[in-house]
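Examining the three-dimensional arrangement
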Amino acid sequence: MPVFSYKGRSNRGGELVQGSLEGADSGVIADQLLNTGITPTEIKLTGGSRATKVQGQTLWQRLSQNRTVDPLELMLFSRQMYTLLKSGVPIMRALAGLQESSQNPAFTAMLQDLRESLDSGRELSTAMRRHPKIFSPFYVSMVQVGEMTGMLDQTFLRLYEHLEFEKDMRERIKGAVRYPMFVVIAMAIAIVIVNIFVIPAFAKVFAGFHAELPLMTKILMGFSDFMVTSWPLLLAMLIGAVVAFRAWINTVDGRYKWDRYKFKLPIAGKIILKGTLARFARSLALSFKSGIPIVQGLNTVGMVVDNEYMRSKIEQMRDGVERGESILRTAHATGVFNPVVLQMIAVGEETGDLDGLMFEVAGMYEREVEYEVKTLSAQIEPIMIVALGALVLVLALGIFLPMWDLGKAALGK
């Protein structure tokens, strides 16, 4: 649709308002302005639709605007909005200032769209809902509550603290999983190098003696020959397995089963579970503290949890609350909370301080995650030592023992 620029006077204070809107004709634009409390004084056609403008952009401009928005930028945006709104800066002027200082074209385009949406009479939460890749449903719901209660500045501060906590928790979980993954990959690379380069060299030595080899040596040499001759097949099978696994976890059933299995992984599983529960508890406490109803809070928190299994448990809690059950009973039915947490939820319901108690639950899980991450090396080292010992034992029995026997036979002759 074509784009019209307009000027008008607000029906409340009579101040001059100007901006741009899309519409079929000037009459449609005038109706939109009147419905939002603006009396238009001038409406002019400025050109084609915004989609046409995008088509006229260079390839570099399109690629720049398609860049993703880093979570750190969203954190900075929330903190800056809190500071500006608390200082009494009007929201339109605050967005304009942030737009001028932004270095990310995608973020700049989003801020421009927010300003145009506010110009057209939309609320900030409604404008943010147009950018689901940047603003999560939880973020939008919090902003909407802030608009309704007149505490938008405090809402942005709470969102900043929440995003900071989310970022810290994600980094801790990634750090916890990174070390065991590195150990497994290093051992796999070592096994490949031994089978492709080391064992074939010893096989040539053994062949020169024309002697009977032990069973373990024959197994190692056979497996090494298979890897050397069939490495293209093995590589294709590995790539196929990775592609099939990614396709499987992209399905609803596959994602649910994988997310449930992640909680049962040795060592790392309990860290992932506690980190997920900490994020859930803090998100729910933040929604309660901001005045979001319980059912709506559970719904929005469930939409932003990045684990399908945990999301199903949150939806189970939401359905139970909708039926009139208490949060304690629904939380107990999920089977993911320990007795201490359930006791804290019970106290929170009795005292009416459920948001405060949920913050305590989040803090408890956060401290447990921090402790687990610090002791991760001590937990993995015994497993790594046993695995390396088994690898050395197999190599000793399969390679060095035959050499020892052949040496003794040569000396005996």
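Note that the coordinates shown come from a computational prediction; the quantities given were computed from them, not determined experimentally. (Residues numbered from 1 in each chain as written. Predicted model: local features only at pLDDT ≥ 70, side-chain atom pairs only at ≥ 80, totals over all residues. Heavy atoms only, no water.)

Secondary structure assignment for the protein yields 18 helices and three strands. Buried residues in the protein amount to 38% of all 413 residues. Considering only residue pairs separated by 6 or more positions, the protein has 60% of its internal contacts joining residues 24 or more positions apart. For the protein, the computed accessible surface area is about 23,300 Å², with 62% contributed by carbon and sulfur atoms. (Helix = DSSP H or I, 4+ residues; strand = E, 2+ residues; numbered from the N terminus. Buried < 20%, exposed > 50% of the residue type's maximum accessible area, 1.4 Å probe, protein only. Contact = heavy atoms within 4.5 Å. Areas by Shrake-Rupley, 256 points an atom, 1.4 Å probe, with all protein chains shown as cover.)

Time to look at the nonpolar core. Counting 76 residues, the largest nonpolar core has Phe 77, Met 128, Phe 135, Tyr 139, Phe 156, Phe 280 and Phe 337 as the members making the most contacts within it. When residues no more than four places from it in sequence are discounted, the contact partners of Phe 135 are Leu 74, Phe 77, Met 110, Leu 114, Met 128 and Val 140. One finds Val 194, Ile 199, Leu 220 and Met 221 within the second-largest nonpolar core, a separate group that totals nine residues. (Core = buried A, V, L, I, M, F, W, Y, C linked by side-chain atoms within 4.5 Å.)

What follows deals with the packing of aromatic side chains. Tallied over the full model, the rule gives 10 aromatic pairs. When the centroid spacing of 6.2 Å and the interplanar angle of 45° are considered together, the rings of Phe 245 and Trp 248 count as tilted. Within this pair, Phe 245 and its partner Trp 248 are both found in helix H10 (residues 215-249), separated by three residues, close to a single helical turn. By relative accessible area, which is 34% here, Phe 245 ends up partly exposed. Taking 5.8 Å as the distance between ring centres and 45° as the angle between the ring planes, the aromatic pair formed by Phe 280 and Phe 337 counts as tilted. Here Phe 337 lies in the loop between helix H15 (327-334) and helix H16 (339-351) and Phe 280 lies in helix H12 (residues 268-289), a separation of 57 residues in the sequence. Its relative accessible area of 1% is what places Phe 280 among the buried residues. In this structure an aromatic cluster arises from ring pairing among Phe 77, Phe 107, Phe 135, Tyr 139 and Phe 156. (Phe/Tyr/Trp six-rings, centres within 6.5 Å; stacked < 30°, edge-to-face > 60°.)

Our focus in this paragraph is the pattern of salt bridges. Taken as a whole, this structure holds 12 salt bridges when the rule is applied. The closest approach of N and O atoms between Lys 167 and Glu 171, which form a salt bridge, is 2.8 Å. Residue Lys 167 and its partner Glu 171 are both found in helix H9 (residues 152-209); the two are separated by four residues, about one turn of the helix. By relative accessible area, which is 46% here, Glu 171 ends up partly exposed. Here Arg 255 ties to Asp 259 by a salt bridge, and the two come within 3.4 Å at their closest N and O atoms. Of this pair, Arg 255 and Asp 259 both sit in helix H11 (residues 252-262), separated by four residues, roughly a single helical turn. The class for Arg 255 is partly exposed, based on a relative accessible area of 25%. Taken together, the shared-partner salt bridges connect Lys 270, Lys 274, Glu 368 and Glu 372 into one network. (Salt bridge = Lys/Arg side-chain N within 4 Å of Asp/Glu carboxyl O.)

Direction vectors running N to C along helix H5 (residues 91-101) and helix H6 (residues 105-119) enclose 160°, while the axes themselves pass 9 Å from each other. Classified by the interaxial angle, the pair formed by H5 and H6 is roughly antiparallel. Crossing handedness for the pair H5 and H6: left-handed. Counting all contacts with H5, which are made through Ile 91, Met 92, Leu 95, Ala 96, Leu 98 and Gln 99, the residues of H6 involved are Thr 108, Leu 111, Gln 112, Leu 114, Arg 115, Leu 118 and Asp 119. (Axes fitted to C-alpha atoms, helices over the stretch in contact; angles between N-to-C directions. Parallel < 35°, antiparallel > 145°, perpendicular 65-115°, else oblique. Left-handed = near helix turned anticlockwise from the far one by under 90°.)

Three or four residues apart is the spacing at which side chains of an α-helix point the same way, because the helix has 3.6 residues per turn. Buried within H11 are the following residues: Gly 254, Asp 259 and Lys 262. Buried residues in H11, looked at end-on, bunch into an arc of 125°, giving them a common side. Contact partners of the buried residues in H11: H10, H12 and helix H14 (308-322). For H11, the side-chain oxygen to backbone nitrogen distance between the N-cap and Gly 254 is 3.1 Å, and the N-cap itself is Thr 251. (Arc of directions from axis to C-beta. Polar contact = N/O pair within 3.5 Å; in protein donor to acceptor, adjacent residues only side chain to side chain.)

With respect to the helices and strands, the residue Glu 322 is situated in helix H14. For Glu 322, a relative accessible area of 51% translates into the label exposed. Each C-alpha atom of the pair Glu 322 and Val 295 lies 6.8 Å from the other, and the pair is 27 residues apart in sequence.

Moving on to the packing of H16 against helix H17 (residues 354-374). The geometry of H16 relative to H17 is characterised by a closest axis approach of 8 Å and an angle of 160° between their N-to-C directions. Taken together, the axes of H16 and H17 lie roughly antiparallel to each other. Between H16 and H17 the crossing geometry is right-handed. Of the residues in H17, those in contact with Val 340, Val 341, Met 344, Ile 345, Gly 348 and Glu 349 of H16 are Leu 354, Leu 357, Met 358, Glu 360, Val 361, Met 364 and Tyr 365. Per-class residue counts for the contact of H16 with H17 are 10 nonpolar, one polar and two charged. (Nonpolar A, V, L, I, M, F, W, Y, C, P; charged D, E, K, R; others polar.)

A word on a nonpolar patch on the surface. Taken together, Met 181, Ile 185, Ile 189, Ile 193, Phe 197 and Val 198 make up a surface patch of nonpolar side chains, about 570 Å² in accessible area. Note that Val 198 resides in helix H9. The class for Val 198 is partly exposed, based on a relative accessible area of 32%. (Patch = residues over 30% accessible without salt bridge, like charges linked within 9 Å, V, L, I, M, F, W, Y side chains within 5 Å.)

With that settled, the discussion passes to the side chain of Asn 195. Relative to the assigned elements, Asn 195 resides in helix H9. Residues within four places of Asn 195 in sequence aside, it is in contact with Pro 200, Leu 220, Phe 223, Ser 224, Met 227 and Val 228.

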